[in-house]
Amino acid sequence: MKRKLMLLSLAAIGLASCNGGFKQGDGGLLYNIHTSKGGAKIKDGDFISLNMVQKTDGDSILNSTYENGQTIKTPMPTKEQAKGDLLIAGVRMLGEGDSATFKIAADSIFKKGQPRPQNFKSKYLVFVVKIEKVIAKGNLNQQVFEGRVRDYIKSLSEAVKNQEPAKIKKYIADHHLTVSKTASGLQYVITTPGTGDKPAVGDTAVVNYTGKLTTGKVFDTSIKEEATKAKIPVDPMRQFAPIRIPVGQAKVIPGWDEGLQLLNKGAKAIFIVPSDLAYKDQGIGPIGPYSPLVFEIEMVNVVKPNPNAPKPVVPQLTPPPAK
């Protein structure tokens, strides 16, 4: 998927890959090293953190850690473990601070079981890689090595946490939003007023939604047209339709449980949900730790509970006989 907004450093890498020639590596790997700091190359067992853009040879972006806001963090597999993995072989050419582009024949990747993206017709998969950090295993004992890795990951987490307020502020400013804010920290704009009562705890909200990161990347939606526009990979069997949510029952993130009670039937709104009211320090899928989220919400209907519905049978416990 193409993106208008890319980091300048990434754009520079892309330009270099267009103007530079690729070299031939083992197994058919094509590579172009853009930056080499001259440091030690990555070895078996080292811990690495890297940014990567995966795209077609027509420059259509399939995935980007820059958009997701989280680097790939992993120990480097041994040569035996990674035998035949051309991308790992390419990463071994690099050290901390280095960057490169790798081109790998698509058929060689998809033959190994990786699912082929829908309508994918590119001859190559292209990986633009920047090594952000290397923690060398060397002769360190396992306890010391793991401690250094934990400290590094903790420092990254703290940095992301500290950036969250600025991300929210920037999103609001960039989109010229005049927001209201609840006591919990949920910020929202009602873009289209609705009519009737707002849902209360115990009601069912029927909603359409589109969820985004503050970068604008759509990660989920109930609307097929939005999924198509954002080129989200989805299960072909998925049925796009408004979803039904029991209000106030903790079936969704806290930001939704609170926000849905602000809307009546027909209302449309934008929710800007801080991570404390979403997925906190854990994240989920493409949503990184301490990620604020943006939701475009439409309250399609508010369904009151049926007063004539049969009440659930509560089993009565028989006390034990007296001794």
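Now for a look at the structure at hand. (Residues numbered from 1 in each chain as written. Predicted model: local features only at pLDDT ≥ 70, side-chain atom pairs only at ≥ 80, totals over all residues. Heavy atoms only, no water.)

### Concerning the overall build of the chain
Line of reasoning, step 1. Assigned secondary structure in the chain consists of seven helices and 14 strands.
Line of reasoning, step 2. The buried share of the chain, taken over its 323 residues, is 41%.
Line of reasoning, step 3. When contacts within the chain are restricted to residue pairs at least 6 apart in sequence, long-range pairs at least 24 apart make up 67% of them.
Line of reasoning, step 4. Summed over all atoms, the accessible surface of the chain reaches about 19,100 Å², with 55% contributed by carbon and sulfur. (Helix = DSSP H or I, 4+ residues; strand = E, 2+ residues; numbered from the N terminus. Buried < 20%, exposed > 50% of the residue type's maximum accessible area, 1.4 Å probe, protein only. Contact = heavy atoms within 4.5 Å. Areas by Shrake-Rupley, 256 points an atom, 1.4 Å probe, with all protein chains shown as cover.)

### As for the pairing of strand β14 (residues 293–303)
Line of reasoning, step 1. Pairing of strand β10 (residues 204–213) with β14, which is carried by ten bridges, proceeds in the antiparallel orientation. Note on β14: the bridge partner recorded for asparagine 208 is glutamate 298.
Line of reasoning, step 2. Here strand β13 (residues 268–273) runs beside β14; their pairing, made up of six bridges, is antiparallel. If you follow phenylalanine 271 over to β14, its bridge partner there is phenylalanine 295. (Pairing = 2+ DSSP bridges.)

### Remarks on the side chain of threonine 65
Line of reasoning, step 1. Along the chain, threonine 65 falls in helix α2 (residues 65–68).
Line of reasoning, step 2. At 2.9 Å, the side chain of threonine 65 and the backbone nitrogen of methionine 52 are in polar contact.
Line of reasoning, step 3. For threonine 65, the contacting residues outside a window of four places in its chain are Asn51, Met52, Gln70, Thr71 and Ile72. (Polar contact = N/O pair within 3.5 Å; in protein donor to acceptor, adjacent residues only side chain to side chain.)

### Concerning the packing of aromatic side chains
Line of reasoning, step 1. Under the defined criterion, the tally for this structure stands at four aromatic pairs.
Line of reasoning, step 2. Each ring, one from tyrosine 209 and one from tryptophan 256, has its centre 5.5 Å from the other, and the planes form 75°; the classification is edge-to-face. Of this pair, tyrosine 209 sits in strand β10 while tryptophan 256 sits in helix α7 (residues 254–259), and the two are 47 residues apart along the sequence. Of the two residues, tyrosine 209 and tryptophan 256, neither departs from the other in class, the shared state being buried.
Line of reasoning, step 3. Through a chain of ring-to-ring contacts, three or more aromatic side chains come together here, namely Tyr209, Phe219, Trp256 and Phe295.
Line of reasoning, step 4. Against the face of phenylalanine 22 rests lysine 103, its NZ or CZ located 5.2 Å from the ring centre.
Line of reasoning, step 5. A cation over an aromatic ring shows up here: lysine 103 above the ring of tyrosine 124, its NZ or CZ 4.8 Å from the ring centre. (Phe/Tyr/Trp six-rings, centres within 6.5 Å; stacked < 30°, edge-to-face > 60°. Lys NZ or Arg CZ within 6 Å of the ring centre and 35° of its normal.)

### What about unusual backbone geometry?
Glycine aside, the phi torsion of most residues is negative, and most peptide linkages are trans.
Line of reasoning, step 1. Although it is not a glycine, histidine 176 adopts a positive phi angle of roughly 50°.
Line of reasoning, step 2. Tracing the chain through its elements places histidine 176 in the loop between α5 (142–174) and β8 (180–181).
Line of reasoning, step 3. The exposure class of histidine 176 is exposed, given its relative accessible area of 72%.
Line of reasoning, step 4. Its identity as a non-glycine residue notwithstanding, lysine 280 has a phi of 50°, on the positive side.
Line of reasoning, step 5. Within the secondary structure, lysine 280 sits in the loop between β13 and β14.

### Let's talk about the environment of isoleucine 72
Line of reasoning, step 1. Looking at the element boundaries, isoleucine 72 is found in strand β5 (residues 72–75).
Line of reasoning, step 2. With 23 residues separating them in the primary sequence, isoleucine 72 and serine 49 have C-alpha atoms 5.5 Å apart.

### Describing α5
Line of reasoning, step 1. Here α5 is 33 residues long and its end C-alpha atoms lie 46 Å apart, about the 48 Å a rise of 1.5 Å per residue gives.
Line of reasoning, step 2. In α5, a bend of some 35° at glutamate 164 exceeds every other bend along the element, and proline 165, a proline, comes one to four places later.
Line of reasoning, step 3. Near the N-terminus of α5, the side chain that reaches the backbone nitrogen of glutamine 143, with its oxygen 3.1 Å away, is that of asparagine 141.
Line of reasoning, step 4. Two residues or fewer past α5, histidine 176 is found with a positive phi of approximately 50°. (Expected span 1.5 Å × (residues − 1). Bend = angle between axes of the 7 residues up to and from the residue.)

### Re the pattern of salt bridges
Line of reasoning, step 1. As enumerated under the stated definition, the model contains ten salt bridges in all.
Line of reasoning, step 2. In this structure, the salt-bridge partner of lysine 217 is glutamate 67, at a minimum N-O distance of 3.8 Å. Note that lysine 217 is positioned in the loop between β10 and β11 (218–221) and glutamate 67 in helix α2, a separation of 150 residues in sequence. Each member of the pair, lysine 217 together with glutamate 67, is buried.
Line of reasoning, step 3. The residue glutamate 132 makes a salt bridge to lysine 130 at a minimum N-O spacing of 3.8 Å.
Line of reasoning, step 4. Taking relative accessible area as the criterion, lysine 130 reaches 25% and is therefore assigned partly exposed. (Salt bridge = Lys/Arg side-chain N within 4 Å of Asp/Glu carboxyl O.)

### Things to note about the environment of glutamine 81
Line of reasoning, step 1. Take glutamine 81: it is sitting in the loop between β5 and α3 (86–91).
Line of reasoning, step 2. For glutamine 81, a relative accessible area of 62% corresponds to the exposed category.
Line of reasoning, step 3. Sequence separation of glutamine 81 and aspartate 44 is 37 residues, and the distance between their C-alpha atoms is 9.8 Å.
Line of reasoning, step 4. Separated by 2.9 Å, the side chain of glutamine 81 and the backbone nitrogen of threonine 78 make a polar contact.

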